[in-house]
Amino acid sequence: MSMIHSLLQDYQLNKDITAFLLELKAKAVTASPYRIDELYAIMPPIEVIWQNTNDTIKLHQLNGILTIQTQWDDLQADFWYAQGNFFCSSLQCLKQSWKLELTPEWDKNAYQQMIKLTMEKIELLRAAFHTPLLRVPVIRQQLQQKLLETNDALLQNCIREMFIILLNEDIPRDELFNQDLFLKRAKIRLTEIFARRASLTAKPEYREKHAQAAIRSSELFWQKLFPTIMILWGHLANQPYFTKKIQAENNQNYAFEETYYPNGRITLSEIFPIDKNSASQMIKKIQCDVYREIFPDYDMAAFNRKIAAELILQR
């Protein structure tokens, strides 16, 4: 067991995040840097870099180093990979930086704080790429329109996080029939996001005051975001019906595919009929990834493909 693995084994990332990092590593091994722009129109692309030879790798007996960077929160994170596990070695976001310091003395408390923030940020990215509703072009277009209402990058990042969190959570049955319950939960989520982000951008001695001020200002922003939140509730509430319609015995489903290349290029296939037992899915290939989106009728597939083509041209 390497010294690093022995020292940091109590600070391993959870299984979901590790699996996500392995997905990114598999891409970056084929082409480095590997540009991922699957959620175009609502998220900046992610660039993934894999290194398997340098002085740090030799010194600490690592299998490699994975770097993730994106304009979202100016995020950059480095992960040391050793014996099947990832260990965060540095993090930059929200104009702040943290680094694993092994000399002159390892600061466990500082590393714990860095790991906590790293897991929050990477989990948010993981959730975004594993949220089926964010793959639907018409939904991405609606969210993009809200994002374009402001030029404030920090505010846009708050909106992105809000959308991802709400669309990634399963809507409880009681919220399907009571919109007020959903809105109450959404408002709590927004307040939490504002408070947490405000505290992170302030000096330690001012974080509590900044968080309190953000909570008060979130009420005003809630009014502006309210119409879009209502639209999200509609998509979440409609999802079971949409899935049921696709699975209907007498229904002819249609699909089109988006192909994502390592350099960030995206292409669209033509619309084609597909078996009713098929489901929307990501198809992994050697030199690209393909997402197949299925719709319950031709008109809906054509409408979404048209929007996808427009959004790709706008990139």
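None of these values were measured; they are calculated from a predicted model.

**Student:** Would you take a moment to explain the pairing of strand β7 (residues 253-260) for this structure?
**Tutor:** Within a regular strand, the side chains alternate between the two sheet faces. The element β7 is largely enclosed, with a buried count of 7 among its 8 residues. In the sheet, β7 pairs with strand β9 (residues 272-274) via 3 bridges, with the strands oriented antiparallel. Paired with Tyr254 across the bridge in β9 is Pro273. Judged from the 7 bridges that link them, β7 and strand β11 (residues 289-295) form a sheet pairing that is antiparallel. Residue Phe256 lies in a different strand from β11, and its bridge partner there is Glu293. Sheet topology places β7 next to strand β8 (residues 266-268); 3 bridges connect them, and they run antiparallel. Along β8, the bridge assignment pairs Glu258 with Leu268. Linking two consecutive strands that pair antiparallel, namely β7 and β8, is a turn of 5 residues; a positive phi of about 95° is found at Gly264 within it.

**Student:** What am I meant to see in the pairing of strand β3 (residues 64-70) here?
**Tutor:** With 6 of 7 residues buried, β3 lies mostly within the body of the structure. Sheet topology note: the strand β2 (residues 46-51)/β3 ladder contains 6 bridges and is antiparallel. Residue pairing for β3: Val48 is matched across the bridge by Ile68.

**Student:** I keep staring at the nonpolar core and nothing clicks. Help me out?
**Tutor:** Burial of nonpolar side chains together is a common tendency in soluble globular proteins. Counting residues in hydrophobic clusters, the biggest one holds 90 residues, and the most contacted among them are Leu21, Phe79, Tyr111 and Ile229. Top element by residues in this core is helix α4 (residues 108-129). It accounts for 10 residues. Discounting residues that sit within four places of it in the chain, Tyr111 has contacts with Leu8, Tyr11, Phe87, Cys88, Leu100 and Trp106.

**Student:** Got a minute to help me understand the packing of α4 against helix α6 (residues 153-168) in this structure?
**Tutor:** Close contact between α4 and α6 brings their axes to 9 Å; oriented N to C, the two are set at 60°. Taken together, the axes of α4 and α6 are oblique relative to one another. Crossing angle aside, the handedness with which α4 passes α6 is left-handed. Where α4 approaches α6, its residues Leu124, Ala127 and Ala128 are matched on the opposing element by Glu161, Ile164, Ile165 and Asn168. Residues of the contact of α4 with α6, tallied by class, amount to 5 nonpolar, 1 polar and 1 charged.

**Student:** Can you help me understand the packing of aromatic side chains in this one?
**Tutor:** Aromatic ring pairs: the centre-centre distance and the angle between the two ring planes describe each pair. Taken as a whole and judged by the stated rule, the model has 8 aromatic pairs. Between Tyr11 and Tyr111, the ring centres sit 5.5 Å apart and the planes meet at 80°, which makes this aromatic pair edge-to-face. Residue Tyr11 is located in the loop between α1 (3-8) and α2 (15-30), and its partner Tyr111 is located in helix α4; the two are separated by 100 residues in the primary sequence. Ring pairs connect the aromatic residues Trp50, Tyr81 and Phe86, which therefore count as one cluster.

**Student:** Just checking my understanding: could you explain the sheet that holds strand β5 (residues 85-93) for this structure?
**Tutor:** Hydrogen bonds between backbone groups are what pair the strands of a sheet, and the pairing can be parallel or antiparallel. Strand order in the open sheet made by the 6 strands is β1-β2-β3-β4-β5-β6, with antiparallel pairing throughout. Strands with a single pairing partner mark the edges of an open sheet, and in this sheet they are β1 (34-36) and β6 (96-99). Each strand of the sheet is rotated relative to its neighbour by a mean of 20°, with strand direction disregarded. The sheet contact formed by strand β4 (residues 75-82) and β5 spans 7 bridges and is antiparallel. Residue Gln76 lies in a different strand from β5, and its bridge partner there is Gln92.

**Student:** It is not clear to me how the pattern of salt bridges should be interpreted in this structure. Could you clarify?
**Tutor:** Oppositely charged side chains may form a pair once their charged atoms are brought near each other. Enumeration over the complete set of coordinates arrives at 18 salt bridges. The partner of Asp73 in a salt bridge is Lys121, and the shortest N-O contact between them spans 2.7 Å. Within this pair, whereas Asp73 is found in the loop between β3 and β4, its partner Lys121 is found in helix α4, the two being separated by 48 residues in sequence. The salt bridge involving Glu310 is made with Lys306; its shortest N-O contact spans 2.7 Å. With Glu310 and Lys306 both in helix α10 (residues 298-314) and 4 residues apart, the pair spans about one turn of that helix. Residue class for Glu310 comes out partly exposed when judged on its relative accessible area of 30%. Each of Glu169, Glu175, Arg185, Arg189 and Glu192 takes part in one network of salt bridges that share partners.

What counts as what
Residues numbered from 1 in each chain as written. Predicted model: local features only at pLDDT ≥ 70, side-chain atom pairs only at ≥ 80, totals over all residues. Heavy atoms only, no water. Buried < 20%, exposed > 50% of the residue type's maximum accessible area, 1.4 Å probe, protein only. Helix = DSSP H or I, 4+ residues; strand = E, 2+ residues; numbered from the N terminus. Pairing = 2+ DSSP bridges. Core = buried A, V, L, I, M, F, W, Y, C linked by side-chain atoms within 4.5 Å. Contact = heavy atoms within 4.5 Å. Axes fitted to C-alpha atoms, helices over the stretch in contact; angles between N-to-C directions. Parallel < 35°, antiparallel > 145°, perpendicular 65-115°, else oblique. Left-handed = near helix turned anticlockwise from the far one by under 90°. Nonpolar A, V, L, I, M, F, W, Y, C, P; charged D, E, K, R; others polar. Phe/Tyr/Trp six-rings, centres within 6.5 Å; stacked < 30°, edge-to-face > 60°. Salt bridge = Lys/Arg side-chain N within 4 Å of Asp/Glu carboxyl O.

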